[in-house]
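Each chain, letter by letter, is given below.
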Amino acid sequence: MANSKHEKLIILGSGPAGLAAALYAARAELSPLVISGIEPGGQASTTNIIENYPGFPDGVGGAELGELFQKQAEKFGARIEFATATKVDLSHHPFLIKTDSGEYRTESLIIATGASPVHLNIPGEKELTGKGVSYCATCDGWFFKGKNVAVVGGGDSALEEALFLTRFASSVKIIHRRDALRAGAILQKRAKENPAISFVWNSVVEEIKGDGKVSELILRNTISREISKIAVDGIFIFIGHTPNTQLFEGQLDMDEKGFIRCNQFMETSIPGVFAAGEAADSHFRQVITSAGMGAAAAIQVTHYLER
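Residues numbered from 1 in each chain as written. Predicted model: local features only at pLDDT ≥ 70, side-chain atom pairs only at ≥ 80, totals over all residues. Heavy atoms only, no water.

What's the story with the overall build of the protein chain in this structure? I'm lost.
A count of helices and strands for the protein chain gives six helices and 17 strands. Here the protein chain has a C-alpha radius of gyration of 21 Å; the compact-globule value for 307 residues is 19 Å, and the two agree. Expressed along its principal axes, the backbone C-alpha trace of the protein chain runs to roughly 65 × 40 × 35 Å. The buried share of the protein chain, taken over its 307 residues, is 51%. Split by element, the accessible area of the protein chain, about 14900 Å² in all, is 49% carbon and sulfur. For the protein chain, the centre of its 30 positive side-chain charges and the centre of its 35 negative side-chain charges are spaced 3 Å apart. (Helix = DSSP H or I, 4+ residues; strand = E, 2+ residues; numbered from the N terminus. Rg over C-alpha atoms; globule rule 2.2 N^0.38 Å. Buried < 20%, exposed > 50% of the residue type's maximum accessible area, 1.4 Å probe, protein only. Areas by Shrake-Rupley, 256 points an atom, 1.4 Å probe, with all protein chains shown as cover. Lys, Arg positive; Asp, Glu negative; His and termini not counted. Charge placed at Lys NZ, Arg CZ, Asp CG, Glu CD.)

Rendered as structure tokens:
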């Protein structure tokens, strides 16, 4: 305790939720400390261009938007610590936050640690992310107007995103490792009736190929083990999201997938602890909704500290 630095507010995460919270908290003169995490700027920073964030009619690079968020928050007094939280103890107040650069006690906490898309972990995936490999059709679908794309997955999210992509792409191939989908009946009916959608059953993607951009997928049939190739301009991977909430397991109320439960005021099951963005949002997962949740959390933190 004697070696810990004391803070009014610590924000874990530096994506849109965390930095929006930092901006609002800084303007309330709380001098928030933001622990950036392993991915400064969050998932949004890895998106080549964001065209659905208000105020940027010509679009804005994901990394650039993150830098603008940070600059604005720092202008009003937010402090950014480029470190990663290694342990959080919410059993006593002030709460204990240990990072790889120091130890803190804080009167209040906003968790904005985000979520990570589940990856295929195959050759070419990492190298071509943002160059035809995407995990968000809402973010990147527009770039594939008139092109041929593939969607990997068989659940609700995969079919919802595939249907969304038909607004832009000429064709959408849904690649699924089994011969039956997990998605709801209505979504299945819509997808199977859509002339732009076709299915590649009992198949997994073994490799993503391309010279600077996606051009081809190497597939393996899960039954015959036969290898095949298909030409595509992009691949959208929807096999799930994992919230980055492992530090809070057994301390906060979470749903069965690990997303933190919070009410409309961003309050978690522990007073003084708030959650915002994709750590608590398994549905919308957009920059603007995460930023809004961050702002709401900061407003509620101000009220909490006043009380």
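Additional details are given in the paragraphs that follow.
For this particular structure, what's the right way to read empty space enclosed by the protein?
Gaps left between atoms show up when a probe the size of a water molecule is rolled over them. Applying the stated rule across the entire model yields one cavity of 30 Å³ or more. Put simply, the largest cavity is a space of about 50 Å³. Along the walls of the largest cavity sit S14, G15, P16, L19, G41, A44, S45, G62, L65, G66, F69 and V287, which together make up its complete lining. Listed by contribution, the elements that provide at least two residues to the lining of the largest cavity are helix 1 (16-27) and helix 2 (62-75). Considered class by class, the residues forming the lining of the largest cavity number six nonpolar, six polar and no charged. (1 Å grid on protein atoms, 1.4 Å probe; cavity = no way out; pocket = protein on both sides within 12 Å on 5 of 7 lines; lining within 4 Å. Points joined across faces, edges and corners; volume = space filled by probe spheres on them. Nonpolar A, V, L, I, M, F, W, Y, C, P; charged D, E, K, R; others polar.)

Would you mind going over the sheet that holds strand 10 (residues 171-175) with me for this structure?
Ordered in space as 8-15-9-10-11, the five strands form an open sheet in which the pairing is parallel. On the outer flanks of this sheet lie strand 8 (133-134) and strand 11 (197-200), each paired with one strand and no other. Here strand 9 (residues 148-152) runs beside strand 10; their pairing, made up of five bridges, is parallel. Each residue of the ladder has a partner; that of A150, found in strand 10, is K173. The strands that helix 4 (residues 156-165) touches are strand 9, strand 10, strand 11 and strand 15 (234-237); relative to strand 9, the one it contacts most, it runs at about 170°. (Pairing = 2+ DSSP bridges. Contact = heavy atoms within 4.5 Å. Axes fitted to C-alpha atoms, helices over the stretch in contact; angles between N-to-C directions.)

Got a minute to help me understand the pattern of salt bridges in this structure?
Taken as a whole and assessed by the stated rule, the structure comprises four salt bridges. Among the salt bridges present, the one from K189 reaches E193, with a minimum N-O distance of 2.8 Å. Of this pair, K189 and E193 both sit in helix 5 (residues 185-193), four residues apart, roughly one helical turn. Two residues, E206 and R220, come together in a salt bridge whose shortest N-O distance is 3.3 Å. With E206 in strand 12 (residues 203-209) and R220 in strand 13 (residues 216-221), this pair connects stretches of sequence that are 14 residues apart. Residue E206 is classed as partly exposed on the basis of its relative accessible area of 32%. (Salt bridge = Lys/Arg side-chain N within 4 Å of Asp/Glu carboxyl O.)

Explain the layout of surface pockets here, please?
Of the voids in this model, the second largest pocket is the one considered here, and its volume is about 240 Å³. Lining the second largest pocket are 16 residues, and of these L120, V152, R177, V204 and I239 lie nearest its centre. Here the lining of the second largest pocket takes four residues from strand 12, the largest share from any one element. A breakdown of the residues in the lining of the second largest pocket according to their chemical character gives seven nonpolar, four polar and five charged.

Would you take a moment to explain the domain arrangement of the protein chain for this structure?
Many descriptions give the size of an interface as the accessible area lost when the pieces come together. As assigned here, the protein chain comprises domain 1 (5-116 + 241-306) and domain 2 (119-237). Domain 1 and domain 2 are separated by 31 Å when their C-alpha centres are compared. Contact residues are listed per partner, giving eight residues for domain 1 and nine residues for domain 2. Each partner contributes to the roughly 620 Å² buried at the junction of domain 1 and domain 2, and carbon and sulfur atoms together form 49% of this total. By the criterion of area lost to domain 2, the three top residues of domain 1 are I49, E51 and Q286, representing 45% of everything that side buries. The tally of links between domain 1 and domain 2 comes to zero salt bridges. (Domains from an automatic or database assignment. Buried area = accessible area lost by both parts, 1.4 Å probe.)

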